[in-house]
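As a plain string of letters, each chain reads:
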Amino acid sequence: MFIMLSGQLNITIARRHSTLMTGFIARKKKMKKLYIFGFITLSFIYCDCINSSSPQSVLEKYLNNNNNKKYNRSYKLLSTKSQELATLSEYINYFQFADTTHKERYTITKILELEKDINQPSFKRFKYEGFYTVGKDTIKNRNYFTLINENSDWKIVWNGTILKMAVEKNNKGDYDGAIKIFEKAIEIDPYDAYAYTAQAWCYNSIISALHNSQKRAEILNKISSNIKYAIALEPDIAHHFNALSMYFGLLDNNDLVIENYKKAIYYSLNEEDKIGLYANLSISYQNKREYNNAIITVLKAIKSDSTFTFAWFRYGSILNDMKKDNIAKRIYEKAIKLEPMEVRLQAPLYYSYSYTCFKLKDFISAKEYILKALEMDPDDDRYKNLYQRINYFTK
């Protein structure tokens, strides 16, 4: 049983409105939903001057205002449609929440104006890179911004509140509702690569329940087109390639899954961003029975974070496949002692451990943990069948 850590929107994204933490990239339980952590503050000297005919000047001013918590000034730089999405009060509340959770100062190292889209001459896009420091750690990031020209004045395209609404819908399991709201976000910002990829993950959640082959093909096409367009917009953002791995996983193409996980790892700017990717990549190697590569890869995740439950779970699964049940049992026990994962992952961990104990004739532990799995998911036929087998041997 191969399980990829994806589920709710769990991708690390630094966005134009704040830093949004999610994975589509697999990470710990505490990051299992997309949360807003706060606008990355910038190392500018505050000045009230602005050249609205220069899009880069407007962008720098906008970032400068947020750095100095001049959110009322930032709001004035938003496009008309962006202001229609959020009142000044809602906009300020959005960033004040962020300020309570993320207060490190941000330093921009590069701002690059991107090539203009001749089909959308009223828009301009920028990419900027920089870093912020947390303790002794330096955290790098890379972001994209869209601006629109309104009556010769350049304005910031901002859709933070609507993206937040879409993510909340997704995390509650309302995937159709989330898709519709992401579509509204795209109407505001046609270059919002995050929204395209987020939609793809919503479609991925829907497709698992589809049995109609024609409908499934339609959804697969939507997933593919969304992700590929996002990559065209932002070709150096890791989580788009992580999503593309998801797509090729749906096609059972492990070679392309591996290729795109490697690209996601390459474009990840920080070691912590790579941890979940390593764990997911190990699954692809396991699927191909390349067990040495699987172990080497999952151990990279464990080395980076020895408390990452999912990586220990994957390690145990690989050893199980290799018929090393005694070692796998010890690894599963290590995973069980760590922070519990969300139910869709924790229940399979308990099942895997129970089944390993059953094979080793440790029926007491096998029964204890299959009951835990059943408590979390009482309708799973595998869990019920294993429970019956354990009862047969313990009568």
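What you see is a predicted model, and the numbers here were worked out from it, not measured in a lab. Position numbers for residues start from 1 in each chain and track the written sequence from start to end. Residues qualify for local features only when their pLDDT is at least 70, as the model is predicted, and side-chain atom pairs are given and counted only at 80 or more; totals for whole chains, interfaces and linings, by contrast, use all residues. Only hydrogens and water are removed before side-chain values are computed, so all heavy atoms of the structure are retained for them.

What follows deals with the overall build of the protein. For the protein, the count of helices and strands is 17 helices and 8 strands. The cut-offs for exposure are 20% and 50% of the maximum accessible area for each residue type, with area from a 1.4 Å probe on protein chains only; residues under the lower value are buried, those over the upper are exposed, and the others partly exposed. The buried share among the 395 residues of the protein stands at 54%. Considering only intrachain contacts with a sequence separation of at least 6, the fraction spanning at least 24 residues in the protein is 57%. All accessibility values rest on the Shrake-Rupley procedure with a 1.4 Å probe; residue burial counts only the protein chains present in the view. Accessible area for the protein stands at about 18,100 Å²; split by element, carbon and sulfur atoms hold 50% of it. The numbering of helices and of strands both runs from the N terminus, where a helix is a DSSP run of H or I of at least 4 residues and a strand a run of E of at least 2. Contacts are assigned to residue pairs with any non-hydrogen atoms lying within 4.5 Å of each other.

For the rest of this paragraph, the subject is helix H13 (residues 309-321). Every helix has an expected span of 1.5 Å times one less than the residues it contains. Compared with the 18 Å implied by 1.5 Å per residue over 13 residues, the 19 Å span of H13 between its first and last C-alpha is a close match. Of all 13 residues in H13, 12 are buried; the element is thus mostly enclosed. Inspection of H13 places Thr309, Phe310, Ala311, Trp312, Phe313, Arg314, Tyr315, Gly316, Ser317, Ile318, Leu319 and Asn320 among the buried residues, and these make up the whole buried set. At its buried positions, H13 is contacted by helix H11 (271-287), helix H12 (291-304), helix H14 (325-337) and helix H15 (343-359).

A few words on the environment of Thr133. Looking at the element boundaries, Thr133 is found in strand S6 (residues 123-134). Classification of Thr133 as partly exposed rests on a relative accessible area of 39%. Along the sequence, Thr133 and Thr107 sit 26 residues apart, while their C-alpha atoms lie 9.0 Å from each other.

Bridge count for S6 against strand S7 (residues 137-150) is 12 bridges, and the pairing is antiparallel. Looking across to S7, one finds that Tyr132 is bridged to Ile139. Strands pair, by our definition, only if DSSP identifies at least two bridges between them. In this antiparallel pair of consecutive strands, S6 and S7, the connection spans 2 residues, and Gly135 shows a positive phi of 60°. Between S7 and the antiparallel strand that follows it, strand S8 (residues 153-156), lie 2 residues; Asn151 among them carries a positive phi value of about 55°.

Everything listed is a geometric property; what it means functionally is a separate question.
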